[in-house]
Amino acid sequence: MLEIGSTVPDLVLEDTAGQVVRLSDHRGADHVLLYFMRSTTCPVCTGHVKDLARQADELAAAGVRILIAVPEGRAEAAAWRAKRGLSLRVVTGRNGTPHEAFGLAKKMLQQSGSVLIDRGGVVRHARVSTMPTGAYDKKGIAKAVALLGAS
């Protein structure tokens, strides 16, 4: 898992429409909040995604774009997104999962987590957990976003 203060490599992901998503495309323009779901069948993770969807306008006003990363393939991710009527962009890996690219291990269960990356490509918030209840720190994310605006 990338640590706070580290620079994110130019990872290449794919959204549910098959469009390439490069983290470097956001550099200089947007901050990026990546939320890594344990799986699309995880009800706790889905609850966190619903909360992020409710905050999407507020985060966008702060210059933060939300990406929801899932370990499943594009077709399954697209079906999950459509079923929930989700407007947030959902991404999968192109070579392996986005989780693997960020160092979120699959032990007994897939780890989930959240990473806030600033416009310069530097990690400003990172949280990872095997249990999804510990992977989403709403207050920690809000504090990190507020610090982005202060800098």
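Above this text sits the structure in question.
About the criteria used
Residues numbered from 1 in each chain as written. Predicted model: local features only at pLDDT ≥ 70, side-chain atom pairs only at ≥ 80, totals over all residues. Heavy atoms only, no water. Helix = DSSP H or I, 4+ residues; strand = E, 2+ residues; numbered from the N terminus. Rg over C-alpha atoms; globule rule 2.2 N^0.38 Å. Lys, Arg positive; Asp, Glu negative; His and termini not counted. Charge placed at Lys NZ, Arg CZ, Asp CG, Glu CD. Phe/Tyr/Trp six-rings, centres within 6.5 Å; stacked < 30°, edge-to-face > 60°. Buried < 20%, exposed > 50% of the residue type's maximum accessible area, 1.4 Å probe, protein only. Pairing = 2+ DSSP bridges. Axes fitted to C-alpha atoms, helices over the stretch in contact; angles between N-to-C directions. Contact = heavy atoms within 4.5 Å. Core = buried A, V, L, I, M, F, W, Y, C linked by side-chain atoms within 4.5 Å. Salt bridge = Lys/Arg side-chain N within 4 Å of Asp/Glu carboxyl O.

Caption draft 1: Layout of the overall build of the protein chain. Helix and strand counts for the protein chain come out as four helices and seven strands. When the helices and strands of the protein chain are placed in sequence order, the string is β-β-β-α-β-α-β-α-β-β-α. For the protein chain, whose C-alpha radius of gyration is 14 Å, the value lies close to the compact-globule estimate of 15 Å for 151 residues. Overall, the protein chain is about 40 × 30 × 30 Å in size when its C-alpha atoms are taken along their principal axes. For the protein chain, the distance from the average site of its 20 positive side-chain charges to the average site of its 14 negative ones is 4 Å.

Caption draft 2: Seen up close, the packing of aromatic side chains. In this structure the tally under the stated criterion is two aromatic pairs. Between Tyr35 and Tyr136, the aromatic rings sit 5.9 Å apart at their centres with planes inclined by 75 degrees, giving edge-to-face as the arrangement. Placement of Tyr35 in strand β3 (residues 31-36) and of Tyr136 in the loop between β7 (123-129) and α4 (138-150) is noted, with a sequence separation of 101 residues between them. Just as Tyr35 is buried, Tyr136 falls in that class too. Ring centres of Phe36 and Phe102 lie 5.0 Å apart, and the angle between their planes is 55 degrees; on these two criteria the pair is classed as tilted. Taken together, the positions of Phe36 in strand β3 and Phe102 in the loop between α3 (98-101) and β6 (112-117) put the pair 66 residues apart, joining distant regions of the chain. Comparing Phe36 with Phe102 shows no difference in burial state: the two are buried.

Caption draft 3: Structural context of the sheet that holds strand β4 (residues 64-69). The strand order across the open sheet built from seven strands is β2-β1-β5-β4-β3-β6-β7, with neighbouring strands paired in mixed fashion. Looking along the sheet, the strands with just one partner apiece sit at the ends: β2 (20-22) and β7. Shown here is a sheet whose adjacent strand axes are inclined to one another by a mean of 30 degrees, direction ignored. Pairing between β4 and strand β5 (residues 89-93): three bridges, direction parallel. Looking across to β5, one finds that Leu67 is bridged to Arg89. On the sheet, helix α1 (residues 43-61) packs against β3, β4 and β6 and is oriented at approximately 160 degrees with respect to β4.

Caption draft 4: Structural context of the nonpolar core. Membership of the largest hydrophobic core comes to 24 residues, with the highest contact counts inside it found for Tyr35, Met37, Val49, Leu52, Ile68 and Leu88. Looking at this core element by element, the count peaks at five residues for α1. With residues up to four places along the chain from it excluded, the contact list for Leu88 reads Val49, Leu52, Ala53, Ala56, Ile66, Ile68 and Arg81. Grouped together as the second largest cluster of nonpolar side chains are 17 residues, Leu2, Leu13, Leu23 and Val123 included.

Caption draft 5: Inspection of the pattern of salt bridges at higher detail. Counting across every chain of the model gives eight salt bridges. Where Glu14 meets Arg94, a salt bridge forms, and the shortest distance between an N and an O atom there is 3.7 Å. In this pair, Glu14 sits in strand β1 (residues 12-15) while Arg94 sits in the loop between β5 and α3, placing the two residues 80 residues apart along the sequence. Take Glu14: its relative accessible area is 16%, and that puts it in the buried class. Of the residues examined, Arg94 reaches a relative accessible area of 44% and is grouped as partly exposed. Put simply, Asp137 and Arg127 hold a salt bridge, and the shortest N to O gap is 3.0 Å. Of this pair, Asp137 sits in the loop between β7 and α4 while Arg127 is found in strand β7, placing the two residues 10 residues apart along the sequence. Residue class for Asp137 comes out partly exposed when judged on its relative accessible area of 21%. Arg127 gets classed as partly exposed once you look at its relative accessible area, which sits at 33%. The structure contains a network of salt bridges with shared partners spanning Glu14, Arg74 and Arg94.

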